[in-house]
Amino acid sequence: MNAWAEAADLAGTVLLFLGCLQCLLGVLGMLRFPDVLSRSHAATKPQTLGMLLVLAGVGLRLRHGTDVGTLALIVFFQFLTGPVASHLVARSAYRTGQTGSRGLLRDDLDPQLSDGDRREE
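Residues numbered from 1 in each chain as written. Predicted model: local features only at pLDDT ≥ 70, side-chain atom pairs only at ≥ 80, totals over all residues. Heavy atoms only, no water.

The subject of this paragraph is the overall build of the chain. Tallying secondary structure elements over the chain gives 4 helices and 0 strands in all. The proportion of buried residues among the 121 residues of the chain is 21%. Total accessible area computed for the chain in this model is approximately 8800 Å², and 64% of it derives from carbon and sulfur atoms. (Helix = DSSP H or I, 4+ residues; strand = E, 2+ residues; numbered from the N terminus. Buried < 20%, exposed > 50% of the residue type's maximum accessible area, 1.4 Å probe, protein only. Areas by Shrake-Rupley, 256 points an atom, 1.4 Å probe, with all protein chains shown as cover.)

Moving on to the UniProt feature "transmembrane region" (unreviewed entry) in the chain. Those places that UniProt annotates as "transmembrane region" (unreviewed entry) correspond, in this numbering, to residues 12-31 and 68-90. Annotation note: span residues 12-31, helix share 100%, strand share 0%, distance between end C-alpha atoms 29 Å. Helix and strand shares over residues 68-90 are 100% and 0% respectively, and the end C-alpha atoms of the span are 33 Å apart. (UniProt positions renumbered as here; feature names shortened; annotations may be inferred.)

Moving on, we come to the environment of H41. Relative to the assigned elements, H41 resides in helix α2 (residues 36-62). On the accessibility criterion, H41 (45% relative accessible area) is partly exposed. When the C-alpha atoms of H41 and P83 are compared, they prove to be 9.0 Å apart, with 42 residues separating the residues in sequence.

Once that is clear, we can look at the environment of M30. Structurally, the position occupied by M30 is in helix α1 (residues 3-32). Separated by 10 residues in sequence, M30 and S40 place their C-alpha atoms 7.6 Å apart. The contact partners of M30, leaving out residues within four places of it in the chain, are R39, A42 and A43. (Contact = heavy atoms within 4.5 Å.)

What follows covers the pattern of salt bridges. Two side chains carrying opposite charge are able to pair once their charged atoms lie near each other. Summed over all chains, the structure comprises 1 salt bridge. We note a salt bridge from D9 to R63, for which the minimum N-O separation is 2.9 Å. One end of the pair, D9, is in helix α1; the other, R63, is in the loop between α2 and α3 (65-95), and 54 residues separate them in sequence. Classification of D9 as buried rests on a relative accessible area of 13%. (Salt bridge = Lys/Arg side-chain N within 4 Å of Asp/Glu carboxyl O.)

Interhelical geometry of α1 versus α2 gives an angle of 165° and a closest axis separation of 7 Å. Accordingly, the angle class assigned to the pair α1 and α2 is roughly antiparallel. Both α1 and α2 take part in a crossing whose hand is left-handed. Along the lines of polarity and charge, the residues of the contact of α1 with α2 split into 20 nonpolar, 9 polar and 3 charged. (Axes fitted to C-alpha atoms, helices over the stretch in contact; angles between N-to-C directions. Parallel < 35°, antiparallel > 145°, perpendicular 65-115°, else oblique. Left-handed = near helix turned anticlockwise from the far one by under 90°. Nonpolar A, V, L, I, M, F, W, Y, C, P; charged D, E, K, R; others polar.)

Where α2 contacts α3, the two axes come as close as 10 Å, and the packing angle between them is 180°. As judged from the angle between their axes, α2 and α3 are roughly antiparallel. Contacts between α2 and α3 pair V36, L37, S40, T44, T48, M51, L52, L55, V58, G59 and L62 from the former with D67, V68, L71, I74, V75, Q78, F79, G82, P83, S86, A90 and A93 from the latter. Looking at the contact of α2 with α3 residue by residue, the class counts come to 15 nonpolar, 7 polar and 1 charged.

Rendered as structure tokens:
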């Protein structure tokens, strides 16, 4: 093995470790936070970054074009679907009244939803 391959393996190992740590912190946040909106935030933000770090680490360890291309597609679809799914969960929790609105500093959805109920098409 040459020095570049060893450096890539070491960087891949560090990225894998940091990604796993980031995902673990996200899970701890999901267990510790009190309401749906906070848990949704903890489920999405750290998990997305953790997944990126893990897949970058795997890509540095594998170093084959097909594998890196597959990992890039995984990252793309994870970035595309993760935040959207979290937003939909938070919005449905808000609409069903499970968010605990008393903790919100500003409620931008209340006027939109109350106007939408009276709107005629």
